[in-house]
Amino acid sequence: MTERRNADDSTGGGTGGRSGGEADRGTEAGADRKADRRPGRAAHRAGRGTGGARRTEMPGTHGVDGTVRGARRADEPANRDVDGTAGRGRREEVPGDGGVDGATGRARRGHDVPSRPLPHRHRRRSGFRGRRPLLLLVCGFLLVGVCAATGIAWDPFAGGSEGKAPAAAIGTPWYVGPVDGTTGTPEQPVGSTPPTGDATPTAEPGTAAPGGGPLPFDLPGPAALRSGAAGRKLVFAHYFTPYPLSLDNESADKDYYTRNYLDPAGENGKHGAYGGLLRDRPLPVPPRGGDWEYANLQQEVRTAAAAGIDGFTLDLLSLTGKNRERAEKLMAAAHATDPGFKIMLMPDMTSLGTDDPAVLAGAIAELGAAPAAHRLPDGRLVVSPFKAEAKSVGWWSRTLEILRTRHGIRTAFVPLFLDFGAHGAEFAPISHGFSEWGSRSYVGQESSTRDVRRAHDMGKVWMQPVSVQDARPNQGVYDEAGNTATLRATWTRAIEDGADWVQLTTWNDYSEGSQFAPSLHNGHTYLDLSSYYLTRFKTGGWPKIVRDTLYLTARTQFAAADPTGPQSLVMSLRKGSAAPRDTVEVLSFLAGPASVRTTVGSAKDTREAPAGLHSELLPLKPGTSAAQVVRDGKPGAAVELAYRADRSAAVQDLQYYGATSGRND
């Protein structure tokens, strides 16, 4: 019988944590990621498998952690870091990567998560579980009916009590911001909300800027975003080396992602219990000649820079092996592709496996010598360790002193904590700034206001986490992202609270489903949306909407559905997350008021949408979903999700899929 792991006891109990093991980046690493807010990153390091257990070691090869590993499977590419697996116990070097095996979850703040992954524990689904969603659904529709009859609109964010937050009302227009700018919610505070209705700067309805483009606005160029005040508001994306564009330079129909990470039977059935290691993958690229890995890394840099991102925070999972090699290659590719694109070094203290300050200082010095390494205008090298509290202030002081005296490197130390509240004050004397891993649901984000204020009161910069979603099959836990609500809420906090820098968590950690990078199931949806908020964050003004653009997001299965296949470990909602919901969201950016026709399964409807940014929630139904702008009787921008929703599925997949009318990917 299918079992659900108790989210509170899961290896990666936090919202943003990495998966579980300390060696590989998968299941176990995340548990200590924010031993209170995010679970799961540790796993990636440890063993990237169900519980961080390492994969059978085969003779003849050595893992990144120095252990002898067994003979490699015939199916696996020559060198892969165990690191990429789920857990932070690193996985053996298998093709392409580093331990994709585990979900890299980070331990989320605000939740009680063990600092090291626990063995897998399951709880059986109770017989009531199947009936409860039906009861709630019936009650929900009755409530919506009453609201509609009385002219009352249900605010999806109103009320909120402890534990799970209420789900948004289905079928009720959910505005991203008030038209009159006088009221707001904790998730969309006044002053930072995009303008809607009459307040929206627009072009002539239905027209687009010369040359058009995939975005609803014209993204300022690098000269505008990287200079002056905008150039001081930096946006980085967290790069996770286990999941590059390709692991083996094969075509997408037969590459390592398809054979071993998406297929539940992949890697000799290692990930069968949770239905396969991943649910999504990088947007496929064709095989290349020459140094294909370098070329692919250059492509990722171009993609990020084109979205307005200033650089990557590079998760340094290991001191040797494939992940380290890929880190060095990324540094070179970044400088060759775009000299203005910077790489912030982020030693991952859940997986590096050294207690010697001199060893880490040496590794930082080597990578920091690259031209792409992020330095402040005064020349100091920025070092931002993940889970900095894993080592004492004294230990870090010795590391920074060695960098200065032995290597001649002055540093700006920006520790990233899993629990800033517990450690910020003690680290203040040696720090230039602070960051935290953050949470992955749209509720509870108001705590960041306190964090930013505390950092600024100590005279430090603050790097705010911005996230999109989080679902970790190998840890048996997920967060309710509310379609794009989490992305919009976390960006709103960064803007409204006055963060100095932003870190998108993550660029490409597919094991925790937190990727912003273009992917098979989301295309450029989340990256394009981030470009809109990024522009406001850096320039101080909302960009003018000059072309109609629709973004459509939905799951391909219902949150309460259990998999029909042999998967035995299913995901449960993480403690503190918003309540599960089954909704399709149409997020419209309109140059002028228009009608939006929607199709969700067999249900068709037409709704009026104002100029500007507007969110409409519809109940999920079996079938495909689509939307189209209609103005003055003429059809305009249209979008359709390429993946249909079904009431049953062989494998549980709780990630939201996305599509945009602005692109064909």
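Each value, and the rule that gives it
Residues numbered from 1 in each chain as written. Predicted model: local features only at pLDDT ≥ 70, side-chain atom pairs only at ≥ 80, totals over all residues. Heavy atoms only, no water. Phe/Tyr/Trp six-rings, centres within 6.5 Å; stacked < 30°, edge-to-face > 60°. Helix = DSSP H or I, 4+ residues; strand = E, 2+ residues; numbered from the N terminus. Buried < 20%, exposed > 50% of the residue type's maximum accessible area, 1.4 Å probe, protein only. Lys NZ or Arg CZ within 6 Å of the ring centre and 35° of its normal. Arc of directions from axis to C-beta. Contact = heavy atoms within 4.5 Å. Polar contact = N/O pair within 3.5 Å; in protein donor to acceptor, adjacent residues only side chain to side chain. Expected span 1.5 Å × (residues − 1). Pairing = 2+ DSSP bridges. Salt bridge = Lys/Arg side-chain N within 4 Å of Asp/Glu carboxyl O. Axes fitted to C-alpha atoms, helices over the stretch in contact; angles between N-to-C directions. pLDDT = per-residue confidence, 0-100.

Engineer: When you look at the packing of aromatic side chains in this model, what are you seeing that I'm missing?
Structural biologist: Centre-to-centre distance and the angle between the planes together describe a pair of aromatic rings. According to the stated counting rule, one finds 25 aromatic pairs in the structure shown. Centre to centre, the rings of W396 and F413 are 5.1 Å apart; their planes meet at 45 degrees, and the pair counts as tilted. Remark: F413 occurs in strand β12 (residues 411-413) and W396 occurs in helix α9 (residues 393-405); sequence separation between them is 17 residues. Accessibility assignment for this pair places W396 and F413 in one class, buried. Across the ring face of W395, the terminal group of K391 is positioned such that the distance to the ring centre comes to 5.3 Å. Over the face of the ring belonging to F558 we find R647, whose NZ or CZ atom lies 4.5 Å from the ring centre.

Engineer: Would you explain helix α10 (residues 420-427) in this entry?
Structural biologist: Two residues of an α-helix separated by three or four positions point the same way, owing to the 3.6 residues in each turn. Those residues of α10 that sit buried are F420, G424 and F427. Projection of α10 onto a plane perpendicular to its axis shows the buried side chains occupying an angular sector of 80 degrees, all on one side. Looking at the buried residues of α10, the elements they touch are α9, β12, β13 (416-417), β14 (433-436), α11 (447-457) and β15 (461-466). The backbone nitrogen of G421 lies 3.3 Å from a side-chain oxygen of the residue at the head of α10, namely D419.

Engineer: Help me understand helix α13 (residues 525-539), please; the structure alone is not making it clear to me.
Structural biologist: A rise of 1.5 Å per residue sets the reference length of α13, with its 15 residues, at 21 Å; its end C-alpha atoms lie 22 Å apart and thus fit the reference within 8%. When you tally the buried positions in α13, you get 14 out of 15 residues, the bulk of the element. Just downstream of α13, G540 is the residue with a positive phi angle, here 90 degrees.

Engineer: Is there a simple way to think about the pairing of β15 in this case?
Structural biologist: Taken residue by residue, a regular strand's side chains alternate between the two faces of the sheet. The buried fraction of β15 amounts to six of the six residues, a majority that puts the element mostly inside the structure. Residues V461, M463 and P465 point to one face of β15 and W462, Q464 and V466 to the other, with burial holding for every one of them. Sheet analysis places β14 next to β15, joined by three bridges and oriented parallel. Counterpart to S435 in the pairing with β15 is M463. Taken together, the four bridges between β15 and strand β18 (residues 501-504) define a ladder with parallel strand orientation. From the neighbouring strand, M463 faces β18, where its bridge partner is W501.

Engineer: Mind showing me how you'd approach the pattern of salt bridges here?
Structural biologist: Opposite charge on two side chains permits pairing when their charged atoms draw close. All chains considered together, the criterion is met by 29 salt bridges. Between E585 and R488 there is a salt bridge, with the nearest N and O atoms lying 2.8 Å from each other. Of this pair, E585 sits in strand β22 (residues 583-590) while R488 sits in helix α12 (residues 485-496), placing them 97 residues apart in sequence. Connected through salt bridges with shared partners, the residues R440, D470, R472, D479, E512 and R574 form a single ionic network.

Engineer: Just to check I follow, could you spell out the sheet that holds strand β27 (residues 634-640) for this structure?
Structural biologist: Note on sheets: strands pair through backbone hydrogen bonds, and any given pair is parallel or antiparallel. One open sheet holds the four strands; their spatial order is β24-β23-β26-β27, and the pairing between them is antiparallel. Two strands in the sheet have a free side with no partner beyond their single neighbour: β24 (603-609) and β27. Strand-to-strand twist in this sheet, taken as the mean axis angle between neighbours without regard to direction, amounts to 20 degrees. Bridge analysis of strand β23 (residues 594-600) against strand β26 (residues 625-631) gives six bridges, and the strand direction is antiparallel. Looking at the pairing, T598 lines up with A627 of β26.

Engineer: Help me out: how do you make sense of the side chain of T350 in this one?
Structural biologist: Tracing the chain through its elements places T350 in the loop between β10 (342-347) and α8 (357-368). You can call T350 buried: its relative accessible area is 2%. Among the polar contacts listed, one links the side chain of T350 to the side chain of D348, at a separation of 2.6 Å.

Engineer: Got a minute to help me understand the confidence of the model for the chain in this structure?
Structural biologist: The predicted coordinates ought not to be read in detail in places where the model reports low pLDDT. Taken residue by residue, the chain gives an average pLDDT of 78. The fraction at 70 or more is 68%. Low confidence marks residues 1-192, where pLDDT is under 50. Its contacts with residues over four positions away, or in another chain, come to 914 contacts. Predicted confidence for residues 196-211 stays below pLDDT 50, and this span has 39 contacts to residues more than four positions away or in other chains.

Engineer: Just to check I follow, could you spell out the environment of G424 for this structure?
Structural biologist: Here G424 lies in helix α10. Taking C-alpha positions, G424 is 9.4 Å from D451, a pair spaced 27 residues apart along the chain. With residues near it in sequence (within four places) discarded, G424 still touches F417, F434 and M458.

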